[in-house]
Amino acid sequence: MKKNLKKLSALLLALALSVSTTACGNSTASTTTAAETSAAAGDEMTVTYPVTITDHLGREVTIEKQPESFVSGYYISTSLLIALGLDDQLVGVEAKADKRNIYKLSAPELTELPSVGTAKEFDLEGCAALKPDLVIVPTKLKDSIPAMEELGLTIIAVNPEDQTKLFETIDMISTAADVVEKGQELEYWISDALESLKKSLDGVETPSVYLAGNSALLQTAGPEMYQSTLIENAGGVNAASDITDTYWADASYEQILSWNPDYIVLAADADYDVDSVLNDSALADCTAVKEGHIAQIPSNIEALDSPVPASFLGSYYVASILHPDVVTEDDFKTTEKNFYETFYGFTPESAN
């Protein structure tokens, strides 16, 4: 009975997402499949090909048959393919895959696959030479897509920069690969965890949080970035909510002091540390510094402030910093353990 309720909840979520409008322009990401009809009839959720998917660029992409091989030019989609059990079908991945601990822990064979480069320097010919049935890239590569299509490639562009668009990305890829049930299981798991966190934080005060960037303290995430969603899910308010940039935005010491955040949280891959912020004389009058409220999001497995499937864990971690009397470090570790064991097949070291 419980399993059926989960499937129904996941199905309703997927149906809602299929008609949602994204914040990326005015495009709508959706999928047109036989999965919903089959599910409503009580059958297994299978896809009938050809299937048409509308990606985050508003492109209608028709997939003629079930893909047997994938190239992922984006670490977000690579991590998602692992969670969906499709990692053994990858034939090429983004650059620096051998540096990502999540791959080493869950699918070490990925670190040996050919690289197709980065969003800035994508290897079109190298990708085509791998003859993938489906290529998944970030929307930043939109200008390269026509050339990729001329090489005979089928491409889906994704931009999972908030919770809805992350679920849309899961829907797109799980539908394209005919693993709809696995995709909905993943969505339900994440939704359930976030709903549980929301209930725990009901009624708490919402402190302001300055989330500092990877490259420098004087960079921050505005409301268009996933990091802002992470803060909100953690029971906080983004101090930089008035910024209109869609990527990391430059800030100044004067601006930070005017925002006067209660907490400063460093991005997972920041190349500076908590002590350097605490000892920064330019921030001596900032409430977060005066009260010692400086923390860094974990990155020992993967950067939990990026919109990977595990990104909701970043919210659990930040909640444990903002509201330690409600969400504890043990709550974070338990949730982390259960998620990675379920979808990635390994136990985090913190659980041992």
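Above this text is the structure in question.
Let me begin by describing the structure that accompanies this report. In this text, all values refer to a predicted model and were calculated from it rather than measured experimentally. (Residues numbered from 1 in each chain as written. Predicted model: local features only at pLDDT ≥ 70, side-chain atom pairs only at ≥ 80, totals over all residues. Heavy atoms only, no water.)

### Some words on the packing of helix H13 (residues 312-322) against helix H14 (residues 329-343)
Running from amino to carboxyl end, H13 crosses H14 at an angle of 170°, the nearest separation of the two axes being 8 Å. Looking at the two axes, H13 sits roughly antiparallel to H14. The two elements H13 and H14 cross, and the hand of that crossing is left-handed. Where H13 approaches H14, its residues Phe312, Leu313, Tyr316, Tyr317 and Ser320 are matched on the opposing element by Glu329, Asp331, Phe332, Thr335, Glu336, Phe339 and Tyr340. Tallied by class, residues from the contact of H13 with H14 come to 7 nonpolar, 2 polar and 3 charged. (Axes fitted to C-alpha atoms, helices over the stretch in contact; angles between N-to-C directions. Helix = DSSP H or I, 4+ residues; strand = E, 2+ residues; numbered from the N terminus. Parallel < 35°, antiparallel > 145°, perpendicular 65-115°, else oblique. Left-handed = near helix turned anticlockwise from the far one by under 90°. Contact = heavy atoms within 4.5 Å. Nonpolar A, V, L, I, M, F, W, Y, C, P; charged D, E, K, R; others polar.)

### As for the pattern of salt bridges
This structure, assessed with the given rule, holds 6 salt bridges. Across the pair Arg59 and Asp55 runs a salt bridge, and its minimum N-O distance is 2.6 Å. With respect to class, Arg59 is no different from Asp55; both count as buried. A salt bridge links Arg59 to Glu149, with the nearest nitrogen and oxygen atoms 2.8 Å apart. Residue Arg59 is located in the loop between strand S2 (51-54) and strand S3 (60-63), and its partner Glu149 is located in helix H6 (residues 145-150); the two are separated by 90 residues in the primary sequence. A relative accessible area of 40% places Glu149 in the partly exposed class. Bridged by salt links that share partners, the residues Asp55, Arg59 and Glu149 form one connected network. (Salt bridge = Lys/Arg side-chain N within 4 Å of Asp/Glu carboxyl O. Buried < 20%, exposed > 50% of the residue type's maximum accessible area, 1.4 Å probe, protein only.)

### Regarding the packing of aromatic side chains
Ring pairs (aromatic) are described by centroid distance and by the angle formed between their planes. One pass over the structure, following the stated rule, counts 13 aromatic pairs. Judged by centre distance (6.3 Å) and plane angle (85°), the rings of Phe312 and Tyr316 are edge-to-face. With Phe312 and Tyr316 both in helix H13, this residue pair falls 4 residues apart, about one helical turn. Assessed through its relative accessible area of 0%, Phe312 is described here as buried. Relative accessible area serves as the criterion here: at 7%, Tyr316 is assigned to the buried category. Judged by centre distance (5.7 Å) and plane angle (70°), the rings of Phe339 and Tyr340 are edge-to-face. The two residues Phe339 and Tyr340 agree in class, both being buried. By way of ring pairs, the aromatic residues Trp189, Phe312, Tyr316, Phe339, Tyr340, Phe343, Tyr344 and Phe346 are connected into one cluster. (Phe/Tyr/Trp six-rings, centres within 6.5 Å; stacked < 30°, edge-to-face > 60°.)

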